[in-house]
Amino acid sequence: MPEQATEVTAAGIARLAGVGRAAVSNWRRRHADFPKPVGGTETSPSFALPEVEQWLRDQGKLAEVPLCERVWQQVAGHPEGAVTALTHTGCALLLVRDRPTAWLELTAVSDERMAGVLPHAMEEVLGARLGPDTEARARSGGPVPSGRAVAPVLTGSDTPAGRPSDGSPAAGSPAGDAGSVHSPSAVHTARAVPTPSTDALLPSVPLLRAAAELAAGIGAGQTFEFLLGRQLDANPRQYTLTPPGLAELMAALAETGKDTDQPGGRRPVRSVLDPAAGTGTLLRAVAGPAELLAQEVDPALAALTALRLALHGDGSPRSTPARTVRGGDALRADAFPQLAADTVLCHPPFNDRNWGHDELAYDPRWEYGFPARTESELAWVQHALARLRTGGTAVLLMPPAAASRRSGRRIRADLLRRGALRAVIALPAGAAPPYGIPLHLWVLRKPGGELRPVPELLLVDTTDPVEPGTATGTQTSGGRDRPDWPAVHAAVLDAWRDRADHPGVSRVVPVIELLDDDVDLAPARHLPRPAAGGGAAGLEDVRERLADTLRLTADLTPPPAELSAPAHRPLTTVGELARAGALLLRTGTGTAPRTDTGTTPVLTEHDVLAGTAPSGTPAPPPTAAPGTPAPDDLVLLEPGDVVVPVLGAGSVARVVDEATAGAALGRNLQLLRPDPAAIDPWFLAGFLRGTANHRQASSYASTAARLDARRLQLPRLPLAEQQRYGEQFRALAAFEDALRTAGRLGGQLVRGMYDGLTDGTVTPR
């Protein structure tokens, strides 16, 4: 094997061959000639990519490795690590896009010669896009501005002009070292992406050639997005990500609003700052031309973010507004101390007790009060306000505790009195990490000048918003784990534009009402849920619907059972029927394609158990190159399909009707698609629900049972006899649905009566 050959894990092999990881494990056990591990660990071994490719070809399992996969494997197997490989690749892709002719000339020489001339070419494009590398000039003895370092002014041109600015710690210094971070003489404004040296680039040259070839097909920006997405997917615990749906919502809130001091309704964003940029997702969500500024404490991540923003869009350096990215901790070593941005978007770190409380006690940014050690989020709020122009807007993602902790009540009160805090928006659980709690969005506007403080706060609750014309809430969570972002966007942006009271969704609260001992700004406290059944006025309608449903239930009640001796019929199993081609077995993945009208809904396990319409949103698929066809494991429902849960849900089976057809099959569900010429679907679903049948087909662990659908049994009956049973099972299903509806309406009526009697809208008789 060649020295420093690219290595690939079992997951990478599965992706190359288009199979699951279990298939790779089976190959390792069954084939003695399967390549031996060359690295990794015992539980996660890695293999030489050339050996794996050859073995797959010899076995007929791989015709040709897709170029995108080959490039990614070279990134993952880079001797200096994937982050270094991505940085070199981003620099090369910037050169490919901005100076394609120069790139072609560079690639015509040997690898050694190419590595020797690349640094100069890369410095030219990096300087044009991201500003000069002042730190490199200092090392080489070139001219460096005296006093504070000079950061580019947001002029929109490729020639940076001077603006005094503090900076960030050197790439090798720890971000939390107080002695080297908050001291004004120690900070600097080095470019986030230093120019790679010849020695550093030499191992990357084959990767850069392959990445350029991929970019010729899908574009330089898409190539970098694909590779960065793969890196983020491969290291989910290393990065705290902002979901794209949330980023788009925050950017829209900053750009759109019908407000008391902004009667125009819409103002174009000109300069946008993210002081805790992460991977730059918030800044990429900004619509229209905007000058983007970012600061990130992790030097490696700051470099990737700078390249990502530089590669976003196809404009020339002269026509594209500036992208300025700096490293360092924005609280301790602010890189933009003189900035007056139009907008600040920020997803700050939560519950950070080492945010600089001791060394920043007299910082002028604490205009609304000095944050307690436990209130790092309120420090970020005041930092965002300090970097806004008068009237500028900031949108921050906040933990719900920041709205109610007693240690922050004085700062919250001052934000309200001065009109800086304009809205607190509760999001559904699952909107962003940590996914188990409903996070908040705070919308702020910097007061001052001729702007008069607005004596009110908008509170919005989208954890279970109420749609117009409905009596009860409509869940905005996609199933039970992912938000339905279109519904969340509509609810939040409508409330922000209208600033009106909508029961259970939004309320404009006078500031004086909030200035009590707690200054609790949690929307749930001030937005009680609407009464069940639509309040006292809707109780009569609920009662009438319940009466109609009870009458229907009585009509659907099965007649007295005719007893008979146990039947002894020949049996077959679902597995045998599948092998014979009488039905098709598929397992749900929760993924779904995007259509012209949005994403395809997903039928979840909860929907099957509750008998409700598909409510899930698709799970984010692994990052794939643009133009990659839909995965083979995508399962869309058709009329007559039978769906069963596989995890400890009891004997449940659902026949798909016309209303449910077209939805995607969710996780932990199995689909049985019978041949209508051989098997009646209602007959199939009915016998699958037999208690004894379900028990013998289940395996039991210490905490749950798992159904093996292949072991479920069916009697061998002619199709006409199956249809007789099917009609009976269909009638039982209709009776069950009526009972379920009656129970739901009865619960609404009982809760509505309790609510009405206790709040005085209903009087006792």
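Scroll up to find the structure.
Residues numbered from 1 in each chain as written. Predicted model: local features only at pLDDT ≥ 70, side-chain atom pairs only at ≥ 80, totals over all residues. Heavy atoms only, no water.

(A) Spatial organisation of the overall build of the chain. Within the chain, the secondary structure is distributed over 26 helices and 28 strands. By sequence separation, contacts in the chain at least 24 residues apart represent 73% of the contacts at least 6 residues apart. Accessible surface for the chain amounts to roughly 35,400 Å². Of this, 53% is attributable to carbon and sulfur atoms. (Helix = DSSP H or I, 4+ residues; strand = E, 2+ residues; numbered from the N terminus. Contact = heavy atoms within 4.5 Å. Areas by Shrake-Rupley, 256 points an atom, 1.4 Å probe, with all protein chains shown as cover.)

(B) Just the sheet that holds strand β23 (residues 654-655), in detail. Sheet architecture is open: 4 strands sit in the order β18-β25-β22-β23, paired in antiparallel fashion. Only two strands of the sheet have a single neighbouring strand rather than two, namely β18 (583-587) and β23. The pairing of strand β22 (residues 642-645) with β23 spans 2 bridges and is classified as antiparallel. Within the sheet, the bridge partner assigned to Val-643 lies in β23 and is Arg-654. Along the sheet, helix α24 (residues 681-688) contacts β18, β22, β23 and β25 (669-674); its crossing angle with β22, the most-contacted strand, is approximately 15 degrees. (Pairing = 2+ DSSP bridges. Axes fitted to C-alpha atoms, helices over the stretch in contact; angles between N-to-C directions.)

(C) Quick look at the nonpolar core. Residues Leu-253 and Leu-441 are the most contacted members of the largest nonpolar core, which totals 88 residues. Setting aside residues no more than four positions away along its own chain, Leu-253 makes contact with Val-395, Ile-425, Leu-441, Val-443, Val-492, Leu-493 and Trp-496. (Core = buried A, V, L, I, M, F, W, Y, C linked by side-chain atoms within 4.5 Å. Buried < 20%, exposed > 50% of the residue type's maximum accessible area, 1.4 Å probe, protein only.)

(D) How the structure looks around the packing of aromatic side chains. Tallied over the entire structure, the rule returns 10 aromatic pairs. Arranged with centres 5.7 Å apart and planes meeting at 50 degrees, the rings of Trp-27 and Trp-55 form a pair that is tilted. Of this pair, Trp-27 sits in helix α2 (residues 21-30) while Trp-55 sits in helix α3 (residues 49-58); the two residues are 28 residues apart in sequence, bridging distant segments of the chain. For the pair formed by Trp-27 and Trp-55, the shared burial category is buried. Put simply, the rings of Trp-27, Phe-34, Phe-47 and Trp-55 touch in pairs and so form one group of aromatic residues. (Phe/Tyr/Trp six-rings, centres within 6.5 Å; stacked < 30°, edge-to-face > 60°.)

(E) How the structure looks around helix α12 (residues 220-234). Compared with the 21 Å implied by 1.5 Å per residue over 15 residues, the 21 Å span of α12 between its first and last C-alpha is a close match. Burial analysis of α12 places 11 of its 15 residues in the buried class, the great majority of the element. Residues Ala-220, Thr-223, Phe-224, Glu-225, Phe-226, Leu-227, Leu-228, Gly-229, Arg-230, Gln-231 and Leu-232 constitute the buried set of α12. Of the surrounding elements, those touching the buried residues of α12 are α1 (10-17), α4 (67-76), α5 (82-98), α11 (205-218), α14 (281-284) and α15 (299-311). (Expected span 1.5 Å × (residues − 1).)

(F) Representation of the pattern of salt bridges within the structure. Counted according to the given criterion, the structure contains 33 salt bridges. Here Asp-98 makes a salt bridge to Arg-129, at a shortest N to O gap of 2.9 Å. With Asp-98 in helix α5 and Arg-129 in helix α7 (residues 111-130), the pair connects residues that are 31 residues apart, well separated along the chain. When its relative accessible area of 11% is taken as the criterion, Arg-129 is described as buried. (Salt bridge = Lys/Arg side-chain N within 4 Å of Asp/Glu carboxyl O.)

(G) Local environment of helix α21 (residues 539-556). Spanning 18 residues, α21 covers 25 Å between terminal C-alpha atoms, matching the ideal 26 Å at 1.5 Å per step. All of the buried residues in α21 are Leu-539, Val-542, Leu-546, Thr-549 and Thr-553. Viewed end-on, α21 has its buried residues packed into an arc of 85 degrees, placing them on one side of the element. Every exposed residue of α21 that faces more than 90 degrees away from the buried side is listed here: Ala-554 and Asp-555. Looking at the buried positions of α21, the neighbouring elements they touch are α26 (719-759). (Arc of directions from axis to C-beta.)

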